[in-house]
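Understanding the architecture of this molecule
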Amino acid sequence: MEQPVTPPASDNAAQPQQFSTPRTARPHARRRIRLIAGAAGLLVGALALTACGGDAKANDDGKKDKGSDAAAAKDASTLKITISAKDGSTNASINDVTVKADGGKLSDVTMTEAQGGKTVAGALAADGLSWKPTGKVERGTQYKITANGKDDKGRPATENSQFTTVSAKDSFIGTYTPDDGSTVGVGMPVSFTFNKAITNKKDVLSHITVTSSSGQQVVGHWFNSTRLDFRPEEYWKAGSKVTMKIDLDKVEGAKGIYGVQKKDVSFTIGRNQVSTVDVKTQKMTVQQDGKTIKTIPVSTGSAAHPTYNGQMVISEKFTQTRMNGDSVGFGGEYDIKDVPHAMRLSTSGTFIHGNYWGDPSVFGNEGTSHGCVGMRDVKGAAGDTSAKWMFDHSLIGDVVVVQGSPDKTIAPDNGLNGWNLSWAQWTADSAS
C-alpha cells in the first residue's frame with residue numbers, strides 16, 4: 001500500500017516561519033518524491049531481471065516469464081554422455097576408461113594427457129554408443145576426455161572430464177605364469193607374485209578365478225603376502241584347457257593400495273609326462289601317459305651335496321646357460337659358462353641338465369654334482385645325446401620326481417613345487 005510522504009522532521013522544526021508557499025502546493029512535492037521512488041523501483045527490477053537464476057517476474061499480462069535459459073532447456077539435446085572416470089577423480093582405473101551414450105550417438109571422442117597433450121588412441125563402436133581407448137593408459141597420469149554427440153533430432157551434446165589414474169605408489173600388480181596361449185606340462189601351476197604385500201588376501205583371491213575344461217576343482221593357496229598359486233588336487237588332465245580370469249582392477253589389496261589388472265588368460269595342457277629319478281640306481285625313467293618311453297642314466301648330487309627329494313616342475317629351459325657356484329652359496333667351487341640343455345627345477349638352483357665335463361662312467365653309477373641331476377652331453381649342446389633328447393621332449397610344466405635321496409623334500413615354494421603339499425594342506429590356507 002502506498003504511504004503518505006511527510007516533510008522531513010528537521011525542516012519543520014528548524015524553520016517553520018520560512019514556509020511561504022501556499023499549503024495547497026505540497027501535493028506536487030509529494031508526487032515528485034513518489035515518482036523518484038517509483039523510478040528507483042523500476043531500476044532495481046531491471047537489475048534483478050538481468051541476473052541468471054533470479055525469481056521470475058510477472059509480465060503485463062500476468063504470466064510468468066521463465067527467461068531464455070528455460071527456452072534453451074526446452075530445446076536441449078536428450079543425449080546423455082557418461083564418462084566412467086569422473087571429473088576431478090584420482091586413483092582412476094587404467095583398464096576401465098569408457099565413454100557411453102544414451103539417447104543418441106557419439107560423434108567423436110578425444111583423450112589426451114593433460115601435461116603435453118599427447119593423444120591416446122581410441123575406438124568408437126560401430127553403433128556410436130560407446131568408445132574406449134586402444135592405446136596404453138599409464139598409471140599416475142592426468143588425462144582429459146572430451147566427448148561429443150547428437151540425439152535423434154540432431155541436437156548436440158558434449159561432456160568433459162579431467163582425472164588422474166592410480167599411481168604406481170598406490171597400486172599393485174601381479175606377474176604370473178604361464179603365459180597366455182602357451183602349452184605346458186601337467187604339473188604347471190598358475191603362480192602369481194605381487195609387487196606389494198597383500199593384506200586383504202581373501203578379497204584378492206576372490207577376484208582371480210581359475211577353471212579347467214576337465215572340470216577339476218582348482219584352489220588358490222597363499223605361500224606368503226606376495227605369492228599366490230593355483231592348482232587342482234592332482235595333475236592337470238592332458239589336453240585340457242585352463243582359463244584364468246584376473247579381475248583385480250580397483251580391488252584394495254592393502255590399505256590404500258589398489259589393483260590395476262583386468263584380463264583373461266588361457267593355456268593348454270599338453271601330453272602327460274612325468275620323469276622319475278631314482279637316486280639309489282642313478283637312473284631316470286621318463287613316462288608319457290603312464291607308459292615308459294625312455295630310461296636315462298644320470299648323476300645326481302654327491303654325498304656332500306645331495307639332490308632334494310620331491311615333485312619338481314620344470315620352470316625354465318636354456319639351450320645353454322652359465323652356472324656359477326657363487327650364485328647359490330657354493331663360493332668358487334665351480335663356474336661353468338656353457339652348461340648345455342639346462343632345465344630349472346627350483347628357485348634355489350636345482351637343474352636337470354647336460355654334463356660334458358664329467359667322466360662318462362659316472363652316469364648311471366655315481367652322484368657327483370652339487371645337487372643337480374646331470375645327463376651325458378657334449379660341449380656346445382649340438383650332439384645327439386640323452387640330455388638333448390630330454391630337452392627336446394620336455395615342456396615347461398613337466399614334472400620331475402626325485403626319490404631315494406638322503407636329502408629332505410624340497411620346500412613347496414622353492415620353485416613351482418606346490419605339489420609337495422597334501423591337498424588338505426593346500427586347501428587349509430586357501431582363503432586366509
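Residues numbered from 1 in each chain as written. Predicted model: local features only at pLDDT ≥ 70, side-chain atom pairs only at ≥ 80, totals over all residues. Heavy atoms only, no water.

1. Structural notes on the overall build of the protein chain
The helix and strand inventory of the protein chain stands at six helices and 27 strands. By the burial criterion, 39% of the 432 residues in the protein chain qualify as buried. Pairs at least 24 apart in sequence give 63% of the contacts found in the protein chain among residues at least 6 apart. In the form shown here, the protein chain has an accessible surface area of approximately 23,300 Å², with 51% of it arising from carbon and sulfur atoms. (Helix = DSSP H or I, 4+ residues; strand = E, 2+ residues; numbered from the N terminus. Buried < 20%, exposed > 50% of the residue type's maximum accessible area, 1.4 Å probe, protein only. Contact = heavy atoms within 4.5 Å. Areas by Shrake-Rupley, 256 points an atom, 1.4 Å probe, with all protein chains shown as cover.)

2. A short note on the sheet that holds strand S18 (residues 262-269)
Taken in spatial order, the four strands line up as S10-S18-S15-S12 in an open sheet, and their pairing is mixed. The open sheet has two edge strands, strand S10 (183-184) and strand S12 (208-212), and neither has a second partner. (Pairing = 2+ DSSP bridges.)

3. A look at the packing of aromatic side chains
Aromatic ring pairs are described here by two measures, namely the spacing of the ring centres and the angle between the planes. Taken as a whole and judged by the stated rule, the model has nine aromatic pairs. Pairing Tyr 143 with Phe 163 gives two aromatic rings, centres 6.2 Å apart and planes at 35°, and the pair type is tilted. Here the residue Tyr 143 occupies a position in strand S6 (residues 142-151), and Phe 163 occupies one in strand S7 (residues 156-164), the gap between them amounting to 20 residues. Linked through ring pairs, Phe 172, Tyr 176, Phe 192, Phe 194 and Trp 222 together constitute an aromatic cluster. Taking the ring centre of Trp 389 as reference, the NZ or CZ of Lys 294 above it sits at 5.2 Å. Its end group placed over the ring of Phe 391, Lys 317 keeps NZ or CZ at 4.4 Å from the ring centre. (Phe/Tyr/Trp six-rings, centres within 6.5 Å; stacked < 30°, edge-to-face > 60°. Lys NZ or Arg CZ within 6 Å of the ring centre and 35° of its normal.)

4. Some thoughts on the pattern of salt bridges
All told, the structure shown has eleven salt bridges when counted by the stated rule. Between Asp 392 and Lys 388 there is a salt bridge; the shortest N-O distance is 2.7 Å. With Asp 392 and Lys 388 both in helix H5 (residues 386-392), this residue pair falls four residues apart, about one helical turn. The class of Lys 388 is partly exposed, set by a relative accessible area of 27%. (Salt bridge = Lys/Arg side-chain N within 4 Å of Asp/Glu carboxyl O.)

5. Here's the deal with the environment of Gly 374
Mapped onto the elements of the fold, Gly 374 is located in strand S26 (residues 373-376). In this structure, the C-alpha to C-alpha distance between Gly 374 and Gly 354, residues 20 residues apart in sequence, is 5.6 Å. Once you skip the residues sitting within four places of it in the chain, Gly 374 turns out to touch Pro 297, Val 298, Ser 299, His 353 and Phe 363.

6. Thoughts on the pairing of strand S1 (residues 80-83)
Going residue by residue along S1, you find Ile 81 and Ile 83 tucked away on one face and Lys 80 and Thr 82 left uncovered on the opposite face. Relative to strand S2 (residues 99-102), S1 runs antiparallel, the two sharing four bridges. Looking at the pairing, Thr 82 lines up with Lys 100 of S2.

7. Considerations on the sheet that holds S7
Across the sheet, which stays open at both edges, the three strands sit in the order S3-S6-S7 with antiparallel pairing between neighbours. Looking at which strands have only one partner, the edges of the open sheet turn out to be strand S3 (104-113) and S7. With strand direction ignored, the average angle separating the axes of adjacent strands in the sheet is 15°. (Axes fitted to C-alpha atoms, helices over the stretch in contact; angles between N-to-C directions.)

8. Regarding the environment of Ala 424
The residue Ala 424 is located in helix H6 (residues 423-428) in this model. Residue Ala 424 is classed as exposed on the basis of its relative accessible area, which comes to 54%. In sequence terms Ala 424 and Glu 233 are 191 residues apart; their C-alpha atoms lie 9.3 Å from each other.

9. Examining the nonpolar core
Ranked by internal contacts, the top residues of the largest apolar core, which has 30 residues, are Phe 192, Phe 194, Val 204, Ile 208 and Phe 230. The set of elements that each furnish at least two residues to this core consists of strand S11 (190-194), helix H4 (201-206), S12, strand S13 (218-222), strand S14 (227-232), strand S15 (241-247) and S18. (Core = buried A, V, L, I, M, F, W, Y, C linked by side-chain atoms within 4.5 Å.)

10. Overview of unusual backbone geometry
For the peptide bond that leads from Thr 177 to Pro 178, omega is 5°, which places it in the cis range. At Asn 91, a position not held by glycine, the phi torsion is positive, near 60°. Tracing the sequence through the fold places Asn 91 in the loop between S1 and S2. Judged by its relative accessible area of 35%, Asn 91 is partly exposed. Positive phi is not limited to glycine here, since Ala 381 has a value of about 60°. Checked against the element boundaries, Ala 381 lands in the loop between S26 and H5.

11. Notes on the environment of Arg 344
Following the sequence through the fold, Arg 344 ends up in strand S24 (residues 335-344). Not counting chain neighbours up to four residues away, the residues in contact with Arg 344 comprise Val 313, Ile 314, Ser 315, Glu 316, Gly 349, Thr 350 and Phe 351. There is a polar contact of 2.7 Å between the side chain of Arg 344 and the side chain of Glu 316. (Polar contact = N/O pair within 3.5 Å; in protein donor to acceptor, adjacent residues only side chain to side chain.)

12. Observations regarding the side chain of Arg 155
Here Arg 155 lies in the loop between S6 and S7. A polar atom in the side chain of Arg 155 sits 3.5 Å from the backbone oxygen of Ala 76. Aside from chain neighbours lying at most four places away, what touches Arg 155 is Asp 75, Ala 76, Ser 77, Thr 78, Gly 149 and Lys 150.

13. Observations regarding the pairing of strand S21 (residues 291-297)
Two elements, strand S20 (residues 283-288) and S21, share six bridges in a ladder whose sense is antiparallel. Counterpart to Gln 287 in the pairing with S21 is Thr 292. What sits between the antiparallel neighbours S20 and S21 is a turn of two residues, in which Asp 289 has the positive phi angle 50°.

14. Side note on the confidence of the model for the protein chain
For the protein chain, per-residue confidence averages 86 on the pLDDT scale, and 80% of positions sit at 70 or higher. Scored below 50 in pLDDT, residues 1-60 makes 17 contacts in the model with residues more than four places away or belonging to other chains. (pLDDT = per-residue confidence, 0-100.)

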